[in-house]
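Listed here are the chains, written in short residue letters.
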Amino acid sequence: MREVLEQLKDLAGHCAGTPVWSLPDTDLVSAVHAVHDAEQMLAAAKLHLVREIDGRSLPVAQEAASTAVWLRERLHISIHAARRMVDLAGVLDKRPVLDAALSSAAVNVEQAHIVAKTIQDLTCEAEPDVADLAEKTLIEDHAGWEPAILRKVAARILAHVAPEVAEDADRRAVERDEKRAQQTRAFTLTNNGDGRFRLTGWLDAEAAAIVNAALDPLCKPDTDRTPTQRRADALVEICQLALRTTHLPENGGDRPQIVVTVPYDVARKELRQGQLDTGETLTAEQVRRLACDSQIIPMVLGGDGQVLDVGQSRRLFTGPLRRALVARDGGCAFPGCDRPPQWCDGHHIRHWATGGDTALNNGVLLCGHHHRVIHRGEWEARMADDGRPEFIPPAYVDPERKPRRNIYHRRP
Ligand SMILES: [Zn+2]
Ligand SMILES: [Zn+2]
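Described below are features of the structure shown in this document. (Residues numbered from 1 in each chain as written. Chains lettered and ligands numbered in written order. Predicted model: local features only at pLDDT ≥ 70, side-chain atom pairs only at ≥ 80, totals over all residues. Heavy atoms only, no water.)

Over its 15 residues, helix α8 (residues 128-142) runs 21 Å from end to end, which matches the ideal 21 Å to within 8%, given 1.5 Å per residue. Val-130, Ala-131, Ala-134, Glu-135, Thr-137, Leu-138, Ile-139 and His-142 are the residues of α8 that are buried. (Helix = DSSP H or I, 4+ residues; strand = E, 2+ residues; numbered from the N terminus. Expected span 1.5 Å × (residues − 1). Buried < 20%, exposed > 50% of the residue type's maximum accessible area, 1.4 Å probe, protein only.)

In structure tokens, the structure reads:
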């Protein structure tokens, strides 16, 4: 075998080193098929070797914790890929039909994984000959399907090959999926190190339905955000809504809040870049927006660390002042927005850091999205003579820049 493998490597190296730009279309297509088939056959050969290595416990003899760990170290592949390899190698060893199918490239590796999983599920649930029949049916009748469809076919295969046990197995499969969904539920928020955080996780069907039901009403189409951007904003808005209520459990004696420490330049009356208590940096724009209606701790810039006397009571739209804003604006005051008050921050038209008051005639309710829009600075908010807020669009929206109002919340 050693000699054959040497030749094989030479031939593969030759193929990989051959320029393909000169091939006519038909040859190009048949070549891709040929290389793909050869890959599947070689994968079968590799799995046979893995199985034998595993069977002889070579990895354990070499102090590896498992065959998968050993493969990871040797082949520099992920532990996930290594485990899948060991699992499939084990199934091929017991299932000559599937083994022959992969070895002749009648199915590819992805399909083989699906067939293997189906057989394994069936062997615990049905008579052995049912698993045999399912294996044969999937390989002979359905190998033309790509993995996503094959997986669906496989899920229904029992109804096809053994309708009498299908119902029972279905129920158990649902229970098994549910149990797995419960056990693997997870949520992580990781710093990507480039100013972004990555959300990953798993939910069971019920939890996903709850999250979707809460997010969907906040995800109405609009022109300047993609659907996924809207969903991201919606998640944050839901958390802001929860923070505004008194229903969240206290965190070390305090109401849960975001806390930002921010240098305040007294001479220029300006807030600089700030820091969250988790250590992340926020831009000056983000700081100004948060400072409108969140708990922040301003620090005198370049001073002796003395905390500046900008009391929260003077900065935040709370209590009677917030109720007065709600009564006047009825919700987000941005033109055309229908977001109700509980989704809104109080925004300072003239920022408190530059001397603006926390008062009714300097405040306006804005939803999270429109609060960001206003702080970006293209739209301008101002108080009209009748004491109601109005908004001046940027010239690219309206060359005449006529002030607009929100008529959505206005009471008759
Ligand atoms: Zn603001
Ligand atoms: Zn709005």
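Here we take up the pairing of strand β2 (residues 197-202). The pairing of strand β1 (residues 186-191) with β2 spans six bridges and is antiparallel. Bridge pairing in β2 places Ala-186 opposite Trp-202. Linking β1 back to β2 in an antiparallel pair, the connection comprises five residues, with Gly-193 at a positive phi of about 80°. (Pairing = 2+ DSSP bridges.)

Below, the discussion takes up the pattern of salt bridges. For the coordinates displayed, the defined rule picks out 18 salt bridges. Taking the shortest distance from any N to any O, the salt bridge between Asp-54 and Arg-51 comes out at 3.5 Å. In this pair, Asp-54 and Arg-51 are both assigned in helix α2 (residues 25-55), three residues apart and thus about one turn of the helix distant. A relative accessible area of 23% places Asp-54 in the partly exposed class. Asp-194 is the salt-bridge partner of Arg-196, the closest N and O atoms lying 3.1 Å from each other. Residue Asp-194 is classed as partly exposed on the basis of its relative accessible area of 43%. Members of the salt-bridge network, linked through shared partners, are Arg-382, Asp-386, Glu-390 and Arg-405. (Salt bridge = Lys/Arg side-chain N within 4 Å of Asp/Glu carboxyl O.)

Ideal coordination angles are 109.5 degrees for a metal with four donors arranged tetrahedrally and 90 or 180 degrees for a metal with six donors arranged octahedrally. Those protein atoms acting as donors to the zinc ion (ligand 2) are Cys-332 (SG), Cys-337 (SG), Cys-367 (SG) and His-370 (ND1), and they sit at 2.0 to 2.3 Å. Seen from the zinc ion (ligand 2), its four donor atoms lie at angles of 99 to 115°, and the figure they make is tetrahedral. Within one chain, the residues donating to the zinc ion (ligand 2) are spaced in sequence as C-x4-C-x29-C-x2-H. With Cys-332 in the loop between α15 (319-329) and β8 (344-348) and His-370 in helix α16 (residues 368-376), the pair connects residues that are 38 residues apart, well separated along the chain. Judged by relative accessible area, Cys-332 falls into the buried class, the value being 0%. (Donors = N, O, S within 2.8 Å, 3.2 Å for Na, K, Ca; no water. Tetrahedral: all angles 85-135°; square planar, octahedral: opposite > 155°, others 65-115°.)

In this structure, Cys-292 (SG), His-347 (ND1), His-371 (NE2) and His-375 (NE2) serve as the protein donors to the zinc ion (ligand 1), at separations of 2.0 to 2.2 Å. Read from N- to C-terminus, the donor residues coordinating the zinc ion (ligand 1) fall into the pattern C-x54-H-x23-H-x3-H. Here Cys-292, found in helix α13 (residues 284-293), pairs with His-371, found in helix α16; they are 79 residues apart in sequence, far enough to count as distant. For the pair shown, Cys-292 and His-371 are each scored as buried.

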